[in-house]
Amino acid sequence: MEYHLSQAEENYLKAIFHICFQEEKAATTNAIATIVDTTAASVSDMLKRLAANQWVHYQSHRGVTLTNEGKKIATMLVRKHRLWEMFLVEVLNFSWDEVHDLAEQLEHVQSDELIERLDAFLGRPKFDPHGDPIPDAEGNFAQRLQMPLSALRVGEWGVIVGVLEQSAAFLRYLDRMNLGIGAQVEVREIFEFDGSLQVQVKGKQLLTISSKVSENLLAQKIK
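Notes on the structure follow.

Thresholds applied
Residues numbered from 1 in each chain as written. Predicted model: local features only at pLDDT ≥ 70, side-chain atom pairs only at ≥ 80, totals over all residues. Heavy atoms only, no water. Helix = DSSP H or I, 4+ residues; strand = E, 2+ residues; numbered from the N terminus. Buried < 20%, exposed > 50% of the residue type's maximum accessible area, 1.4 Å probe, protein only. Contact = heavy atoms within 4.5 Å. Areas by Shrake-Rupley, 256 points an atom, 1.4 Å probe, with all protein chains shown as cover. Lys, Arg positive; Asp, Glu negative; His and termini not counted. Charge placed at Lys NZ, Arg CZ, Asp CG, Glu CD. Pairing = 2+ DSSP bridges. 1 Å grid on protein atoms, 1.4 Å probe; cavity = no way out; pocket = protein on both sides within 12 Å on 5 of 7 lines; lining within 4 Å. Points joined across faces, edges and corners; volume = space filled by probe spheres on them. Nonpolar A, V, L, I, M, F, W, Y, C, P; charged D, E, K, R; others polar. Salt bridge = Lys/Arg side-chain N within 4 Å of Asp/Glu carboxyl O. Phe/Tyr/Trp six-rings, centres within 6.5 Å; stacked < 30°, edge-to-face > 60°. Axes fitted to C-alpha atoms, helices over the stretch in contact; angles between N-to-C directions. Parallel < 35°, antiparallel > 145°, perpendicular 65-115°, else oblique. Left-handed = near helix turned anticlockwise from the far one by under 90°.

1. Points about the overall build of the protein chain
Right, so step 1: Counting secondary structure elements, the protein chain contains eight helices and eight strands.
Right, so step 2: With the C-alpha coordinates of the protein chain rotated into their principal frame, the extents come out at 60 × 40 × 25 Å.
Right, so step 3: When burial is assessed residue by residue, the protein chain has 41% of its 223 residues classed as buried.
Right, so step 4: The contacts of the protein chain with a sequence gap of at least 6 include a subset with a gap of at least 24, amounting to 60%.
Right, so step 5: Put simply, the protein chain shows about 12,700 Å² of open surface, and 50% of that area lies on carbon and sulfur atoms.
Right, so step 6: Across the protein chain, 23 positive and 31 negative side-chain charges occur, with their mean positions spaced 4 Å apart.

2. Side note on the pairing of strand 8 (residues 217-221)
Right, so step 1: Where strand 3 (residues 147-148) lies against strand 8, two bridges are found, and the strand directions are antiparallel. Residue pairing for strand 8: P148 is matched across the bridge by L218.
Right, so step 2: When strand 4 (residues 157-163) meets strand 8, the two strands line up antiparallel, connected through five bridges. By the bridge assignment for strand 8, I160 is matched with A219.

3. Considerations on the sheet that holds strand 4
Right, so step 1: Ordered by their spatial adjacency, six strands build an open sheet running 3-8-4-5-6-7, and the pairing between neighbours is antiparallel. Two strands bound the open sheet, and with one partner strand each, they are strand 3 and strand 7 (206-209).

4. Structural notes on the layout of surface pockets
Right, so step 1: Here the largest pocket defines a volume of roughly 1,200 Å³.
Right, so step 2: Forming the walls of the largest pocket are 42 residues, and the residues nearest its centre are H18, Q22, R82, D132 and Q166.
Right, so step 3: At the level of elements, helix 1 (7-23), helix 2 (29-36), helix 4 (68-90), helix 5 (99-106) and helix 7 (168-176) are the ones that each hand at least two residues to the lining of the largest pocket.
Right, so step 4: Per-element accounting of the lining of the largest pocket gives the leading share, nine residues, to helix 1.
Right, so step 5: When the residues that make up the lining of the largest pocket are grouped by side-chain class, the tally is 19 nonpolar, 12 polar and 11 charged.

5. Considerations on the pattern of salt bridges
Right, so step 1: Throughout the structure, instances matching the rule amount to 11 salt bridges.
Right, so step 2: In this structure, the salt-bridge partner of K14 is E104, at a minimum N-O distance of 2.9 Å. Pair noted here: K14 is in helix 1 and E104 is in helix 5, with a separation of 90 residues, a long-range link.
Right, so step 3: As a salt-bridge pair, R124 and D119 come within 3.0 Å of each other at their nearest N and O atoms.
Right, so step 4: A relative accessible area of 39% means that R124 is categorised as partly exposed.
Right, so step 5: Linked through salt bridges whose partners overlap, the residues forming this network are R79, E116, D119 and R124.

6. A few points about the packing of aromatic side chains
Right, so step 1: Applying the stated criterion across every chain yields a total of six aromatic pairs.
Right, so step 2: Measuring from centroid to centroid gives 6.1 Å for F17 and F141, while their planes differ by 20°, and the two rings are stacked. Placement of F17 in helix 1 and of F141 in the loop between helix 6 (112-121) and strand 3 is noted, with a sequence separation of 124 residues between them.
Right, so step 3: On the basis of relative accessibility, which here comes to 6%, the residue F17 falls in the buried class.

7. Here we look at the packing of helix 4 against helix 5
Right, so step 1: Axis separation between helix 4 and helix 5 bottoms out at 9 Å; the angle between their running directions is 130°. By the angle class used here, helix 4 and helix 5 are oblique. Two packed elements cross with a definite hand, and for helix 4 against helix 5 that hand is right-handed. Here H81, W84, E85, L88 and V89 of helix 4 lie close against helix 5, whose contacting residues are V99, H100, L102, A103, E104 and L106.

8. Side note on unusual backbone geometry
Right, so step 1: Located in the positive-phi region is Q54, a residue other than glycine, with phi close to 65°.
Right, so step 2: Within the secondary structure, Q54 is located in the loop between helix 3 (40-52) and strand 1 (56-58).
Right, so step 3: Q54 sits in the exposed class, given a relative accessible area of 60%.

9. Examining the packing of helix 2 against helix 3
Right, so step 1: Viewed as axis vectors pointing N to C, helix 2 and helix 3 meet at an angle of 105°, and their least axial separation amounts to 9 Å. By the angle between their axes, helix 2 is roughly perpendicular relative to helix 3. Facing helix 2, whose interface residues are T29, N30, I32, A33 and V36, helix 3 presents A40, V43, S44 and L47.
Right, so step 2: Considering only residue class, the contact of helix 2 with helix 3 consists of six nonpolar, three polar and no charged.

Just geometry here; none of it tells us what the structure is for.
This is how it looks when you write it as structure tokens:
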């Protein structure tokens with residue numbers, strides 16, 4: 001009989017995937033506990049279960065990584081999550097700061113046929129509303145040249161293609177500043193004191209943004 005993972009098990013695999021992908025190293029128990037909002041002891045119990053099913057490589061105090069099968073499951077969860085975010089924004093007109101929690105619920109839908117039709121309906125997008133790559137049905141992620149906005153020099157232009165920080169508060173701030181996906185900005189000045197930037201948003205206002213903001217915006221240089 002085929003084993004169907006629980007939502008909790010899927011959430012753990014996805015959390016491990018994100019940690020390993022972002023930090024390029026094994027996920028620690030504490031890092032996983034932070035993401036899934038539980039205790040380190042509960043994480044350890046779950047990791048033993050996942051290891052028994054050969055979804056993770058786990059040794060106490062040495063961190064955890066995904067097996068090939070675990071990575072496949074986690075990648076498909078990421079695929080579903082990001083496709084649902086696209087659907088919610090593009091079709092149902094939710095704003096990009098509203099869709100994460102909804103997609104967290106929808107990503108656990110088990111129908112492969114539904115997700116394939118959803119992908120086709122959306123035109124097989126390569127990136128989600130936050131600029132994150134959407135893996136295809138084979139688990140391949142689109143690649144592109146991008147850099148933090150803070151890496152641009154004075155006089156250079158970039159187009160915003162993604163965000164690292166995705167809290168609702170930060171996304172709403174970007175909307176107010178006209179710094180959403182697709183915005184074109186020119187770096188006018190870099191302030192030595194704190195690394196903040198003065199930027200001109202094309203067709204909009206001149207802004208001063210903190211180094212924290214510029215480091216969390218991903219851009220492609222266009223000039």
